[in-house]
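Topology and contacts: notes
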Amino acid sequence: MLKLYDLSINAVKNPAYAPSKDLYVGWKLDSDKTDVLQTSYKATITKVGCDTPDWVSEGGDKSIHVSVDATLDTRTNYTLTVTVTDNKGESATASVDFFTDIATEEWKGVFIKPKKHIESWAPYLRTKFEARSGVKEAKLFVCGLGCGEYYINGRKVSEDLIDPPLTNYDREVFYRIYDVTSFIEEKNAFAALLGDGWYSQSRVWGMHGLKYNDVCLLAQLEITYENGEKQIIATNTEDWKYKYSPITVNNLHAGETYDCRLETPDFADYNGDEEEWGSVVDAGIPGGELKLCMMPPVRIIRSLNAKSVTSCSGVLDGAWVVDFGENVAGIVELKIPPTPRGAQIVLRFAVTINPDGTLDYRSIGAFATQCIQQDIYIARGDAEGETWRPRFTYHGFRYMEITGYTDLTAFGIDPGLEVGVCYVMSTELDQTGSFTSACDDLNNLQTIMLSTFRSNYHGFPEDCPARERCGWLGDAQVACNYGMMNFDLEASYEKYIHDFRTTDESYGVWQMVSPGKRGCLEASPLWGCANVVMPYWMYHYYGNDHIVRSHWDQMEKWMKHEMDDAEKVSGDYILTRGLGDWCPPGGNYIPRRIPITESSTAVFFEIACMMDELAKALDLPTAVDYADLAERIKESFNRHFWIPELHRYSTWGACGVALNTGLYPDGEREALLKALLELMEADRYEMSVGIYTNKHLAPMLAEEGHGDEAMKYLFNRNFISFGTMLDDGATSLWEVLHMKMIGQPRAAVTDSYNHPMHSGFAYLFYAHIGGIKPLTPGFATFEVKPCYFTDVPAATVSHVSPFGEIKVDFKREGSKTDYTVTVPTGAVGYFRAGGMNERMGSGVHTFTVEG
């Protein structure tokens, strides 16, 4: 039987809310029959309660990114209905209800803030109202800057954390919509608790941090009654009051202080005391366009119990270190026994410890952020003990120091393992990839890469969760393939790519960091190329032509930026500026690292090829002939950097990128590959590639049948590698693999122990070990072309594509390898191994390859 599932709007599955314009929709099919393909569809969007659709689309086999060429009414309930027919003669229908956004002119309220601002002290804002009987529905439109919690009659509206996500607030501000129908009573109190978030971060990166303005709130609660009448409660300066909360200090980087003695238990109660509640004032407009946020919020995604609790000095000194066993991003929920009122418990966080067992703060970036991650809890004095967790911060840590702990039931009792629970926080991304194999090194690396990626996504892709927490473009573009093969990042990456545009608008040129105020100067080639690289791969992995079309002007603008730079610097299609191939083992100044001029020019060629491919595939207008541009870059690159007598370039990195992108001189591929392999062997497989060239080198070697050579340098225990990092006990990816150099002390190390950028190469787990690659956008057709790795005799690899799960299971015994491949309904695969090129319709297929 044919079924439809995962109806989506703008890359969000089964959405409750959606924009009223610029929509695209999609769906997945499932059938118990084999070789099933969609042959036709009819999709409609209709107002709830109406018979005539606002939009109708009919077509053939398209099921992803179907454009909606209609503008819907705002603040309206709609139903998306899809009916499809397949090649077996079966039909299926599914639908999803959604509510549309609010237009700028429909906001009835204003942004408000406390009349008296106290830096970093989180305020409550509250109003009271009465509702009539007969409530049909109630919708809350809300934007709390920097971030907020919202309560109606004492009940919290959602579990979203540090929301809305960071944007360039002068250009764009996000709001959420919540259904609060069940919250409404006859007499109501609506309250917000506001944290500094990103918008009002006033402590790190300067005297006033990267602050945009004071915390503020815009809210509109819209109640619709059964008779059609509406009641609107909106933020204004007449009906709203404020009072400061027990959160006397809050900062995303530095932590939170909570003083129980200042609690107002009835802050969200209609009968709550009015004393000490002051007037609010108009906060003005943050500056950016208000937009409905479609990317998922930050949530708690898992918990970790303490593995050990150790006295720092071994004596009763009142300081203990708690080890949670993994380096993650999140918060700790503190659980303390009966404690005197006013007692102060201090929690400090770090990712490593010193030899004497105390916290090592070097790697968490205090030298850059001028703060240590610290939470302070001032006790209430409850006889039964107390439980507390911070709201408006998160930490990068494995270890927590606790001081001030007191147990009144007995003197000298150490805290037990139950003293705290670590709650890991991340943008709520669905995991779409799974990889397990018979190789422990690959399995262990995959485990920590997944955790590291999640630790570095809190509304945007970060570089590290304990230090900078910045959206470095270079890190993001390198890791995007790995990210998209493991997680559903479509809506999140759409937001991030749009941040590139608003950054350009804010600064007048793209920055190394986006979004936000940090910027870090004009983007260099391997960073700014994210403008092209990320939309390109979104098109291939998700079939998302919408992001390419909507961002095409920015992509062309970046290409012009690079062409102008090359003309200015060399007049010969050579780029000389940049940071280069970041963080190879041994550091950025090792002689075997690819020269910056070569890496910058190589990526110039790579994105020119991407632009040419996209322009032709999508029939897009172009300012230049990108194929011709690519040829000119290639000719110049080889004239400057090719070593004819050696049939190669000077470094592994240059050779790997050239072989993977086609940059090498015509007719030289076989000779170049041979020369590269000889060079690697002569270097004893001592890894010399950073995040950019490793993304090309390792997959290229696998594709060429030299997966074993890739494994030799990736996990080389004789030199710095991922292998030595694993042996050093890593529970997350390190910023530099030589954090604990073999034979060298780590006394001066200040780099990050939680950095996802080195995962860029690891899409090969899916594309080369599993062999899963899209042949057409979105995996509508795909190939399974596994590469040989001696150390990987068996693996199970799966990826949930826009059509459903693709799964490859193989096991090698002797000279024979058995494969089981699952193809999702609506897609077609091709098995390409052992000389075979077998078409696979939907269903399960088995193959045996000899040799």
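Right, let's walk through the structure included here.

**Section: the sheet that holds strand 6 (residues 55-59)**
- Taking strand neighbours across the sheet as the criterion, the 5 strands line up as 3-9-8-5-6 in an open arrangement whose pairing is mixed. Pairing within the sheet leaves two strands with one partner each, and these edge strands are strand 3 (17-18) and strand 6.

**Let's talk about the pattern of salt bridges**
- Counted according to the given criterion, the structure contains 59 salt bridges.
- Between Arg-176 and Asp-163 there is a salt bridge, and its shortest N-O distance comes to 2.8 Å. Taken together, the positions of Arg-176 in strand 15 (residues 172-179) and Asp-163 in the loop between strand 14 (155-156) and strand 15 put the pair 13 residues apart, joining distant regions of the chain.
- Its relative accessible area of 9% is what places Arg-176 among the buried residues.
- The shortest N-O distance in the salt bridge between Asp-564 and Lys-560 comes to 2.7 Å. With Asp-564 and Lys-560 both in helix 7 (residues 545-569) and 4 residues apart, this pair spans about one turn of that helix.

**Concerning the pairing of strand 34 (residues 433-437)**
- Judged by which residues are buried, strand 34 turns out to be one-sided: Gly-433, Phe-435 and Ser-437 face inward and are buried, whereas Ser-434 and Thr-436, on the alternate face, are not.
- By the bridge criterion, 5 bridges tie strand 34 to strand 37 (residues 794-801) in an arrangement that is antiparallel. Of the residues in strand 37, the one forming a bridge with Ser-437 is Ala-795.

**Some remarks on the pairing of strand 37**
- Counting buried positions along strand 37 gives 6 out of 8 residues, so the element sits mostly inside the fold.
- In this sheet, strand 38 (residues 804-813) lies alongside strand 37 in antiparallel orientation, the contact comprising 8 bridges. From the neighbouring strand, Thr-796 faces strand 38, where its bridge partner is Asp-809.
- Hairpin geometry of strand 37 and strand 38 is characterised by an intervening segment of 2 residues between the two adjacent antiparallel strands.

**Quick notes on the environment of Phe-715**
- When you line up the elements, Phe-715 lands in the loop between helix 13 (707-714) and helix 14 (722-727).
- Residue Phe-715 is classed as buried on the basis of its relative accessible area of 7%.
- Aside from chain neighbours lying at most four places away, what touches Phe-715 is Asp-441, Leu-442, Leu-445, Ser-721, Phe-722, Gly-723 and Leu-726.

**Regarding unusual backbone geometry**
- Gly-146 follows Leu-145 through a cis peptide bond whose omega is -5°.
- Tracing the backbone through its elements, the reader meets Gly-146 in the loop between strand 12 (135-145) and strand 13 (147-152).
- Cis peptide bonds are those with omega within 30 degrees of zero, and the linkage from Asp-163 to Pro-164 qualifies with 10°.
- Even without glycine at this site, Asp-35 takes up a positive phi of about 55°.
- Tracing the sequence through the fold places Asp-35 in the loop between strand 4 (23-30) and strand 5 (38-47).

**With respect to the side chain of Gln-446**
- With respect to the element layout, Gln-446 can be found in helix 2 (residues 440-455).
- Looking at Gln-446, its side chain comes within polar contact range of the side chain of Tyr-482, at 2.8 Å.

**Section: the side chain of Asp-463**
- With respect to the helices and strands, the residue Asp-463 is situated in the loop between helix 2 and helix 3 (473-486).
- Buried and unpaired, Asp-463 has no salt bridge, with Arg-518 as the nearest side chain of opposite charge at 5.6 Å.
- Not counting chain neighbours up to four residues away, the residues in contact with Asp-463 comprise Asn-456, Glu-468, Arg-469, Cys-470, Trp-472, Asp-475, Asn-754, His-755 and Pro-756.

**Considering the packing of aromatic side chains**
- Considering all chains together, one arrives at 41 aromatic pairs under this definition.
- Taking the centre distance of 5.3 Å and the plane angle of 65° together, the rings of Trp-198 and Phe-460 count as edge-to-face. In this pair, Trp-198 is assigned in the loop between strand 16 (187-195) and strand 17 (216-225) and Phe-460 in the loop between helix 2 and helix 3, connecting sequence segments 262 residues apart.
- Classification of Phe-460 as buried rests on a relative accessible area of 0%.
- Look at Tyr-258 and Tyr-377: their rings are 6.1 Å apart centre to centre, the planes differ by 15°, and that puts the pair in the stacked class. Remark: Tyr-377 occurs in strand 30 (residues 374-378) and Tyr-258 occurs in strand 21 (residues 255-259); sequence separation between them is 119 residues. Across this residue pair, the class does not change: Tyr-258 and Tyr-377 are buried.
- By the ring-pair criterion, three or more aromatic residues cluster together here, those being Phe-99, Trp-107, Phe-141 and Tyr-175.
- Geometry around Trp-205 places Arg-518 over its ring, the cationic atom sitting 3.9 Å from the centre.
- One Lys or Arg, Lys-634, reaches over the ring of Tyr-664 and ends 6.0 Å from the middle of that ring.

**Some thoughts on the nonpolar core**
- Formed by 189 residues in total, the largest nonpolar core has its most connected members in Leu-445, Tyr-649, Leu-701, Tyr-713, Phe-722, Phe-765 and Ile-769.
- Element by element, the count of residues in this core is highest for helix 8 (residues 596-618), at 11 residues.
- Apart from the residues within four sequence positions on either side, Leu-445 is in contact with Phe-715, Phe-722, Met-725, Leu-726, Leu-733, Phe-761 and Phe-765.

**Here we look at the sheet that holds strand 1 (residues 3-9)**
- What the 4 strands build is an open sheet, ordered 2-1-4-7; its pairing is antiparallel. Of all the strands in the sheet, the pair left with one neighbour each is strand 2 (12-13) and strand 7 (66-68).
- Where strand 1 meets strand 2, 2 bridges bridge the pair, whose relative direction is antiparallel. Residue pairing in the sheet places Ile-9 in a bridge with Val-12 of strand 2.

Reading the values: rules and limits
Residues numbered from 1 in each chain as written. Predicted model: local features only at pLDDT ≥ 70, side-chain atom pairs only at ≥ 80, totals over all residues. Heavy atoms only, no water. Pairing = 2+ DSSP bridges. Helix = DSSP H or I, 4+ residues; strand = E, 2+ residues; numbered from the N terminus. Salt bridge = Lys/Arg side-chain N within 4 Å of Asp/Glu carboxyl O. Buried < 20%, exposed > 50% of the residue type's maximum accessible area, 1.4 Å probe, protein only. Contact = heavy atoms within 4.5 Å. Polar contact = N/O pair within 3.5 Å; in protein donor to acceptor, adjacent residues only side chain to side chain. Lys, Arg positive; Asp, Glu negative; His and termini not counted. Phe/Tyr/Trp six-rings, centres within 6.5 Å; stacked < 30°, edge-to-face > 60°. Lys NZ or Arg CZ within 6 Å of the ring centre and 35° of its normal. Core = buried A, V, L, I, M, F, W, Y, C linked by side-chain atoms within 4.5 Å.

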